[in-house]
Amino acid sequence: MTEMSTQKGSTLIIGLGRTGLSCAWHMRSRGEPFRIMDSRFSPPALAEFRRSFPEVEPILGGFLRDEILSASQIVLSPGISLATPEVAEAVEQGIPVIGDIDIFSRAVQAPVAAVTGSNGKSTVVTLLGEMARQDGRRVGVGGNLDGRASMPALDLLRAGDHDLYVLELSSFQLETTQHLGATAAVILNLSEDHLDRYDSMTEYRAAKMRIYTGCALPVINRDEPFTHPDERVQGDRLSFGLSAPDQDSDFGVVKQGGGRWIVHGSRMLMSTRELKLVGDHNLSNVLAALAVGHAVGLSGESMIEAARHFSGLPHRCQWLAEIAGVTWFNDSKGTNVAATVRAVRSIAASVTGQVVLIAGGVSKGADFSVLVPVLRQHVRKVVLIGQDATWIARQIGGAVETVRADTLEEAIDQARAFAMPGDAVVLSPACASFDMFQDFAHRGRVFTAAVEALQ
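Residues numbered from 1 in each chain as written. Predicted model: local features only at pLDDT ≥ 70, side-chain atom pairs only at ≥ 80, totals over all residues. Heavy atoms only, no water.

Overview of the overall build of the protein
Part 1: A count of helical and extended segments in the protein gives 16 helices and 20 strands.
Part 2: Taken over the C-alpha trace, the protein has a radius of gyration of 24 Å; the compact-globule value for 455 residues is 23 Å, and the two agree within 12%.
Part 3: Projected onto its principal axes, the C-alpha positions of the protein cover 70 × 55 × 40 Å.
Part 4: For the protein, buried positions account for 56% of its 455 residues.
Part 5: Total accessible area on the protein stands at roughly 19,300 Å², and carbon and sulfur atoms take up 48% of it.
Part 6: In the protein, which carries 42 positive and 51 negative side-chain charges, the distance between the mean positions of the two groups comes to 3 Å. (Helix = DSSP H or I, 4+ residues; strand = E, 2+ residues; numbered from the N terminus. Rg over C-alpha atoms; globule rule 2.2 N^0.38 Å. Buried < 20%, exposed > 50% of the residue type's maximum accessible area, 1.4 Å probe, protein only. Areas by Shrake-Rupley, 256 points an atom, 1.4 Å probe, with all protein chains shown as cover. Lys, Arg positive; Asp, Glu negative; His and termini not counted. Charge placed at Lys NZ, Arg CZ, Asp CG, Glu CD.)

Here it is as structure tokens:
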């Protein structure tokens, strides 16, 4: 072990994944000595760390109590709980325990828009990034954002100067965030999640609430009162919701002329029919992005233009194309029956015709009879693929006509033949993918490429 790795009183980074590696780079840029520890013998960023920091020998294979208690401060990666016994003992002894977001908030020199919630975070953050680019801003988008190309917050600082940062934050990251100081922050929604880490929804909510600490303008969802900050968060608030807004500063939805319109106060912004995103959950996501974008100074025109063209995240009810009057959607991430029910209902509400559904794969013993009501109401035909196609066809019975296809490309050809102008063709398998594909993303990419070849 090198001299730096055993140095007493230095910062100890716990966790050698992408976040831990970003913390190491930040410490080096500031000339601050550090040690790094991981309970695993082969953590995911180990090879890159050894190439980049040959002078620092990582401490691997356990949380070593003496090393932890000798630290001047601990930088805890989000995957490691504060309740970890060795970390909890360090807290009891008064050793500061922080996370990468606390470090980021101390160093950042530009406005920050922060987003958390149980669902929809990545969609809102990605759309906000598009809105900012449309407005001519140099924007850094990252944090807990899904995707291999996304950046931890501290790597965004290393990537160059930005006019605005848009961060997706998890409850795990917020646990160690003492003072974020965001220009605007929002909790989109809260549902039961991560209760293997938290004792209750109250504890989970408390972690999320840290996003509002020091926030200049909290943004709240009128439809989700459980997400609202308590009286300790003082000052003005900006709201959004699926109802008409109560104040001119708020965002909402009104009915007019047989349709629904997104409004800012009394000002009509756009018809919901102009959105490529489908479903009320995505309409709420668009409203959240508009409210947060407004709070950080983005122009209304730029935000509406970006919202109008935003087709969604890959594989999540993603709009792909309109071909001969038929709209095509990729919902490959719909790997269970409940997700497919939501997708079909949302997409059916966005088209004038019916849905042709492509489904199937590895069913994992799911009950597909749950699909029957939505099939009867919204679906013209079902094209089944994969190893459990026969099993699924039996379960949905005569709710709708089903046909078999040996490949996804064959399923697309059949769906194209069945679909009529005004219909939508939707890949929402309600199944796992590993009988035919590497994962749901691989399945979605194959589907997208095949649809693009139709044009």
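Let's talk about helix H9 (residues 201–209)
Part 1: Regarding H9, the residues found buried are Met-201, Tyr-204, Ala-207, Lys-208 and Met-209.
Part 2: Buried residues in H9 make contact with strand S6 (112–116), helix H6 (121–134), helix H8 (171–175) and strand S9 (184–187). (Contact = heavy atoms within 4.5 Å.)

A look at unusual backbone geometry
Part 1: One non-glycine residue, Ala-324, lies in the positive phi region at around 55 degrees.
Part 2: Mapping Ala-324 onto the fold places it in the loop between strand S15 (318–323) and strand S16 (326–330).
Part 3: Here Lys-364, not a glycine, exhibits a phi torsion of approximately 55 degrees, which is positive.
Part 4: By the element assignment, Lys-364 lies in the loop between strand S17 (355–359) and helix H13 (372–378).

Here we look at the packing of aromatic side chains
Part 1: Summed over the entire model, instances satisfying the criterion amount to 8 aromatic pairs.
Part 2: Geometrically, the ring pair formed by Phe-104 and Tyr-165 is edge-to-face, given 5.4 Å between the ring centres and 85 degrees between the ring planes. Remark: Tyr-165 occurs in strand S8 (residues 164–168) and Phe-104 occurs in helix H5 (residues 100–107); sequence separation between them is 61 residues.
Part 3: With a relative accessible area of 0%, Phe-104 lands in the buried category.
Part 4: An aromatic cluster is built from Trp-25, Phe-34, Phe-49 and Phe-53, whose rings are joined through pairwise contacts.
Part 5: Positioned above the aromatic ring of Phe-172, the side-chain terminus of Arg-197 is 3.7 Å from the ring centre. (Phe/Tyr/Trp six-rings, centres within 6.5 Å; stacked < 30°, edge-to-face > 60°. Lys NZ or Arg CZ within 6 Å of the ring centre and 35° of its normal.)

Quick notes on the sheet that holds strand S20 (residues 424–427)
Part 1: Strand order across the open sheet formed by 6 strands is S15-S16-S20-S17-S18-S19, with mixed pairing between neighbours. Looking along the sheet, the strands with just one partner apiece sit at the ends: S15 and strand S19 (402–404). Sheet twist, expressed as the mean angle between neighbouring strand axes with direction ignored, is 20 degrees.
Part 2: Inspection of the sheet shows S17 paired to S20 by 4 bridges, in the parallel sense. Within the sheet, the bridge partner assigned to Val-355 lies in S20 and is Ala-424. (Pairing = 2+ DSSP bridges. Axes fitted to C-alpha atoms, helices over the stretch in contact; angles between N-to-C directions.)

As for the confidence of the model for the protein
Part 1: Taken residue by residue, the protein gives an average pLDDT of 94. The fraction at 70 or more is 97%.
Part 2: Note on residues 1–7: pLDDT is under 50 here. Beyond four places in sequence and across chains, it has 18 contacts. (pLDDT = per-residue confidence, 0-100.)

With respect to the layout of surface pockets
Part 1: Quantified by volume, the largest pocket comes out at close to 930 Å³.
Part 2: Residue lining of the largest pocket: 33 residues in total, with Asn-119, Gly-120, His-281, Arg-316 and Arg-342 positioned closest to the centre.
Part 3: Where the lining of the largest pocket is concerned, the elements lending two or more residues are H6, helix H10 (280–295) and helix H12 (337–348).
Part 4: With 5 residues, H10 is the largest single contributor of residues to the lining of the largest pocket.
Part 5: Of the residues belonging to the lining of the largest pocket, the class tally is 9 nonpolar, 16 polar and 8 charged.
Part 6: Each pocket or cavity is described by its volume, and for the second largest pocket that value is around 620 Å³.
Part 7: If you go around the second largest pocket, you meet 25 residues; those closest to its centre are Thr-272, Arg-273, Leu-275, Ala-349 and Ser-350.
Part 8: When residues of the lining of the second largest pocket are traced back to their parent elements, those giving at least two are strand S13 (259–264), H10, S15, S16 and H12. (1 Å grid on protein atoms, 1.4 Å probe; cavity = no way out; pocket = protein on both sides within 12 Å on 5 of 7 lines; lining within 4 Å. Points joined across faces, edges and corners; volume = space filled by probe spheres on them. Nonpolar A, V, L, I, M, F, W, Y, C, P; charged D, E, K, R; others polar.)

Brief notes about the sheet that holds strand S3 (residues 59–60)
Strand pairing in a sheet takes place through backbone hydrogen bonds and is either antiparallel or parallel in direction.
Part 1: With parallel pairing, the 5 strands of this open sheet are ordered in space as S3-S2-S1-S4-S5. Because the sheet does not close on itself, it has two edges, and the strands there are S3 and strand S5 (97–98).
Part 2: In this structure, strand S4 (residues 73–76) lies alongside S5, joined through 2 bridges in parallel fashion. Paired with Ile-74 across the strands is Val-97, a residue of S5.
Part 3: Strands in contact with helix H1 (residues 18–29) are strand S1 (11–14), strand S2 (34–38) and S4; relative to S1, the strand with the most contacts, it is inclined by about 160 degrees.

Observations concerning empty space enclosed by the protein
A probe matching the size of a water molecule, rolled over the atoms, marks out where space remains unfilled.
Part 1: As enumerated under the stated definition, the model contains 1 cavity of 30 Å³ or more in all.
Part 2: In this structure, the largest cavity spans a volume of roughly 40 Å³.
Part 3: Along its surface, the largest cavity is lined by Leu-357, Ala-359, Phe-368, Leu-371, Leu-375, Val-382, Leu-384, Ile-392, Ile-396 and Ala-430.
Part 4: Elements that contribute at least two residues to the lining of the largest cavity include exactly S17, strand S18 (379–384) and helix H14 (389–396).
Part 5: Residue composition of the lining of the largest cavity, by class: 10 nonpolar, no polar and no charged.

A look at the packing of H10 against helix H11 (residues 300–309)
Part 1: Where H10 meets H11, the closest approach of the two axes is 10 Å, and the angle between their N-to-C directions is 155 degrees. Comparing their axes, H11 and H10 come out roughly antiparallel. Crossing handedness for the pair H10 and H11: right-handed. Facing Val-286, Ala-289, Leu-290, Gly-293 and His-294 of H10, the residues of H11 in contact are Met-303, Ile-304 and Ala-307. (Parallel < 35°, antiparallel > 145°, perpendicular 65-115°, else oblique. Left-handed = near helix turned anticlockwise from the far one by under 90°.)

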